[in-house]
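Overview (structure and organization)
Chain residues, written in single-letter form:
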Amino acid sequence: MKKSSLVTGALSLSLVFTLAACGDNGVNGDADQTDNENENASNNGNGEEAASEYNSSEATHVIEAGIGLNNQHPQYHGLLRFKEIVESETDGDVYVETYHSSQLGDDRQMMEALQLGSQEVTIPSTAPIANFVEQYAILDFPFLFPDEEIAMDVLNGDIGDQLLDALEDQEMVGLAWWENGYRDLTNSVQAVATAEDFQGLTIRTMENEVHLAAFQELGANPTPMAFGELFTAMQQGTVDGQENPLATIYLEGFYEVQDHYSDTNHVYSPFVFLMSKQFYDQLPDDYQEIVRNAAQEAGEYQIEENRKQNNELLDALVDEGVEYTEVTPEAREEMAEIVQPVNERFAEQIDPDFAEEVYSAIEEAQQNAE
Ligand code: TK8
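The shown structure was predicted, so the numbers you read here are calculated from the model rather than taken from an experiment. (Residues numbered from 1 in each chain as written. Predicted model: local features only at pLDDT ≥ 70, side-chain atom pairs only at ≥ 80, totals over all residues. Heavy atoms only, no water.)

Concerning the overall build of the chain
- Check the secondary structure of the chain and you find 16 helices and 9 strands.
- Out of the 370 residues belonging to the chain, those deemed buried represent 58%.
- For the chain, contacts bridging at least 24 residues in sequence account for 78% of all contacts bridging at least 6.
- Surface accessibility of the chain: about 15200 Å² in total, with carbon and sulfur atoms responsible for 43%. (Helix = DSSP H or I, 4+ residues; strand = E, 2+ residues; numbered from the N terminus. Buried < 20%, exposed > 50% of the residue type's maximum accessible area, 1.4 Å probe, protein only. Contact = heavy atoms within 4.5 Å. Areas by Shrake-Rupley, 256 points an atom, 1.4 Å probe, with all protein chains shown as cover.)

Here is the structure:
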């Protein structure tokens, strides 16, 4: 596995500046977040909602856990479940502090902090992980996974294990697969029903080369940006739109700044529950097992709640005044054909053998499901 030490070095430096700019509480005081009209996003991540019968000053080990999404999202509820399990099973000897809404930084910065050992847990989408372990980019190929069950089968099998193991070289330990879900498009310009409708739209993408190339191929102007900057970018018109699963679109209040929603389902987005290797390695064996099982168990809860929200929030979004444009299977098929050369190019460039393994694992999971 290739280590991109140059990129990593530059990022460490930018992390130092970011932390220095945050003041002494380590919370990201980014103006973007306070300008955000969505009140959920500005709540303090370590307030009442994460109440605990235990006290960090009495714990031997303190886990600072940060995510990019807000405290309404199933990802945060899953993190609270992790906290509950770990604290009760260690009788408060391992204490978990929870931060949401990019309070500790964006996905990339938080992974950097895990490498440095200055933060213990984060749960990014796989897309930004590809900047650390390039094989992760293959998971983010558009229209790769036919459904969520098949995706989870593959991730909880040999493919997923290989990807989690590969994180160790990057000073991170992958404890479990969680789920963000199928990504859909919103924008403030036009209804998007077909591939042609992407033409000319400025779309914020995650910081991932495959996403960038795929949206280019569709004729859009992709603009990679950290999630924490997205709301303001849409509000100010820096970007016309973005793509995320429905739960994120609704729970982050994107309807305040977006007019159109299309169920493109263009890519399945997993989350990975990551722990700092430095931190994990110094935990006693029984605690290692407790955090591993807790990440798994909390993940099962997160996935269930997440799927429910992704399936149920469409009406609520429409009630907020967003126009829903249905994307037909034929239109999706056309989009998939247009971006297929991107998948082929990256498979070749990144790791053709591993890409083949992923394709066969998906086929096998599909056959087992039939
Ligand atoms: C949150 C991100 C987010 C992702 C994105 O930190 O950046 O759009 O979908 O959920 O991981």
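So, the site of the ligand
- Near the ligand the following residues occur: Gly68, Leu69, Asp107, Ser125, Asn180, Arg183, Arg204, Met206, Phe227 and Asn244.
- One of the side-chain nitrogen or oxygen atoms of serine 125 is found 3.0 Å away from an oxygen atom of the ligand.
- Between the ligand and asparagine 180 there is a distance of 3.0 Å, counted from an oxygen atom to a side-chain nitrogen or oxygen.
- Surface burial for the ligand is 98%, taken as the share of its 310 Å² of free accessible area covered by protein chains.
- Among the detected pockets, the ligand sits in the largest cavity.
- In the shell around the ligand, the residues fall into 3 nonpolar, 4 polar and 3 charged. (Near = heavy atom within 4 Å. Polar contact = N/O pair within 3.5 Å; in protein donor to acceptor, adjacent residues only side chain to side chain. 1 Å grid on protein atoms, 1.4 Å probe; cavity = no way out; pocket = protein on both sides within 12 Å on 5 of 7 lines; lining within 4 Å. Sits in = over half its atoms within 2 Å of the grid points. Nonpolar A, V, L, I, M, F, W, Y, C, P; charged D, E, K, R; others polar.)

Concerning the packing of aromatic side chains
- Evaluation of the coordinates by the stated rule reveals 10 aromatic pairs.
- Between phenylalanine 145 and tyrosine 268, the ring centres sit 5.6 Å apart and the planes meet at 75°, which makes this aromatic pair edge-to-face. On the criterion of sequence distance, the pair formed by phenylalanine 145 in the loop between helix 6 (136-139) and helix 7 (148-155) and tyrosine 268 in strand 8 (residues 260-276) is long-range, its members being 123 residues apart.
- For tyrosine 268, a relative accessible area of 2% puts it in the buried group.
- The cationic tip of lysine 83 hangs over the ring face of tyrosine 95; the distance from NZ or CZ to the ring centre is 4.2 Å. (Phe/Tyr/Trp six-rings, centres within 6.5 Å; stacked < 30°, edge-to-face > 60°. Lys NZ or Arg CZ within 6 Å of the ring centre and 35° of its normal.)

Some details on empty space enclosed by the protein
- Counted according to the given criterion, the structure contains 5 cavities of 30 Å³ or more.
- Counted as a void, the largest cavity has a volume near 220 Å³.
- Residue lining of the largest cavity: 20 residues in total, with Asp107, Ser125, Arg204, Met206 and Phe227 positioned closest to the centre.
- Where the lining of the largest cavity is concerned, the elements lending two or more residues are helix 4 (107-116) and strand 4 (172-187). (Points joined across faces, edges and corners; volume = space filled by probe spheres on them.)

Some words on the nonpolar core
- Residues Ile63, Phe82, Ile123, Leu175, Phe273, Met275 and Val291 are the most contacted members of the largest nonpolar core, which totals 48 residues.
- Apart from the residues lying within four places of it in its own chain, the contact partners of isoleucine 63 are Phe82, Val94, Tyr95, Val96, Glu97, Glu120, Val121, Met275, Phe279 and Val291. (Core = buried A, V, L, I, M, F, W, Y, C linked by side-chain atoms within 4.5 Å.)

So, the environment of asparagine 55
- Structurally, the position occupied by asparagine 55 is in the loop between helix 2 (31-35) and strand 1 (61-66).
- The sequence separation of asparagine 55 and valine 94 amounts to 39 residues, and the corresponding C-alpha distance is 9.7 Å.
- In terms of polar contacts, asparagine 55 uses its side chain to reach the side chain of serine 57, at 3.0 Å.

Observations concerning the pattern of salt bridges
- All told, the structure shown has 7 salt bridges when counted by the stated rule.
- Between arginine 307 and glutamate 149 there is a salt bridge; the shortest N-O distance is 3.0 Å. Of this pair, arginine 307 sits in helix 13 (residues 285-312) while glutamate 149 sits in helix 7, placing them 158 residues apart in sequence.
- A relative accessible area of 15% means that arginine 307 is categorised as buried. (Salt bridge = Lys/Arg side-chain N within 4 Å of Asp/Glu carboxyl O.)

What to know about helix 7
- Among the 8 residues that make up helix 7, 6 are buried, leaving the element largely enclosed by the rest of the structure.
- Those residues of helix 7 that sit buried are Glu148, Ile150, Ala151, Met152, Val154 and Leu155.
- Where helix 7 is buried, its residues meet helix 6, helix 8 (158-165), strand 4, strand 8, helix 13 and helix 16 (352-369).
- The opening residue of helix 7, the one whose side-chain oxygen lies 3.0 Å from the backbone nitrogen of glutamate 149, is aspartate 147.

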